[in-house]
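Results of the structural survey
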Amino acid sequence: MSKHLKRLAAPRAMPIERKVSKFAMKPSPGPHPLDSSLPLGVIVRDILKLCDTGTEARKIIKAGNILVDGRIRKDVKFPCGLMDVISIPKLKKSYRVLFNQRGKLTLVPIDGSEADWKLCRIENKTTVKGGKTQLNLHDGRNVLVENDSYKTGDVIKLSFADNKILEHYPMEKGTTALITGGKHIGEIATIEEIIITKSPKSNLVSLKGKDGTFSTIKDYVFPVGKERPAIKLPEVKMDEA
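As a further point, take the nonpolar core. Ranked by internal contacts, the top residues of the largest apolar core, which has 41 residues, are L40, I43, M83, I86, L119 and F222. Counting residues per element, the ones that place at least two in this core are α1 (40–47), α2 (54–62), β7 (85–88), β8 (93–99), β9 (105–110), β10 (117–127) and β19 (221–225). I43 has contacts with L38, L48, K49, C80, I86 and L107, leaving out every residue within four places of it along the chain.

Right, let's get into the pairing of strand β14 (residues 165–169). Of the pairings in the sheet, the one linking strand β13 (residues 155–159) to β14 comprises four bridges and is antiparallel in character. Considered in β14, the bridge of K157 is made with E167. Linking β13 back to β14 in an antiparallel pair, the connection comprises five residues, with N163 at a positive phi of about 60°.

A separate point is the packing of aromatic side chains. Per the stated rule, a full pass over the model turns up zero aromatic pairs. In this structure, R96 packs its charged tip against the face of W117, placed 4.6 Å from the ring centre. Residue placement shows K157 over the ring face of W117; its charged tip is 4.2 Å from the ring centre.

Our focus in this paragraph is unusual backbone geometry. For D69, which is not glycine, the phi torsion reads 55° and is therefore positive. As for its position among the elements, D69 is in the loop between β4 (67–68) and β5 (71–72). Given a relative accessible area of 10%, D69 falls into the buried group. Its identity as a non-glycine residue notwithstanding, K92 has a phi of 55°, on the positive side. The residue K92 is located in the loop between β7 and β8 in this model. Assessed through its relative accessible area of 78%, K92 is described here as exposed.

Attention shifts here to the sheet that holds β13. Spatially, the five strands line up as an open sheet ordered β12-β11-β10-β13-β14, and their pairing is antiparallel. Bordering the open sheet on either side are β12 (142–145) and β14, each of which pairs with just one other strand. The average angle at which neighbouring strand axes cross in this sheet is 40°, direction not considered. Across five bridges, β10 lies against strand β11 (residues 133–137) in antiparallel orientation. What sits directly across from K125, in β11, is L135.

Each value, and the rule that gives it
- Residues numbered from 1 in each chain as written.
- Predicted model: local features only at pLDDT ≥ 70, side-chain atom pairs only at ≥ 80, totals over all residues.
- Heavy atoms only, no water.
- Core = buried A, V, L, I, M, F, W, Y, C linked by side-chain atoms within 4.5 Å.
- Buried < 20%, exposed > 50% of the residue type's maximum accessible area, 1.4 Å probe, protein only.
- Helix = DSSP H or I, 4+ residues; strand = E, 2+ residues; numbered from the N terminus.
- Contact = heavy atoms within 4.5 Å.
- Pairing = 2+ DSSP bridges.
- Phe/Tyr/Trp six-rings, centres within 6.5 Å; stacked < 30°, edge-to-face > 60°.
- Lys NZ or Arg CZ within 6 Å of the ring centre and 35° of its normal.
- Axes fitted to C-alpha atoms, helices over the stretch in contact; angles between N-to-C directions.

Here it is, written out as structure tokens:
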């Protein structure tokens, strides 16, 4: 596997200029895949513009000035993806990583009270020793629960301080969801129906958005609230509408 990434071949989700230089910073292997993550150095230099060069970004990160999900990260290539919280204590600023309606990963400024938790989708469940259930989340985390009332596709609101579940947003009719892929990426819609396909193909979800009803695969549906989103969403610019 190549250690380098050319800017022209960079993933569509990475919001960087393509022709200013030949290479781009490639994310390290980690909790998010290459095609839907941003290296911490790109966030510091290209998006937040806290510095002008990669060397300066490396110094800022190595000094322990950047937190991801409440933990200091010193790897300049650490991959940050959907729902991750980027905090800069010295500037008293925090951001949440989300998709905008152009399919780009963007940083949404959030208040300090929102910087203590994140939303995580349950990708799988396993039973461990002692009969407890382990929830395997979309960002690589694992959470043990006593009461197995969760299903694959549901989303939990997770606290960074004690790794406790604060709220639960099920994948069911009436739940508000964020679309994370396909034609409707970045849109907020309400789940109308979950369609089980009796084949190797993915299950489908029918949703109602501001422009009418549409359907997408279940993997692209990320519940974010019951009646309204529990998170602050990216602002929609006129050229993105």
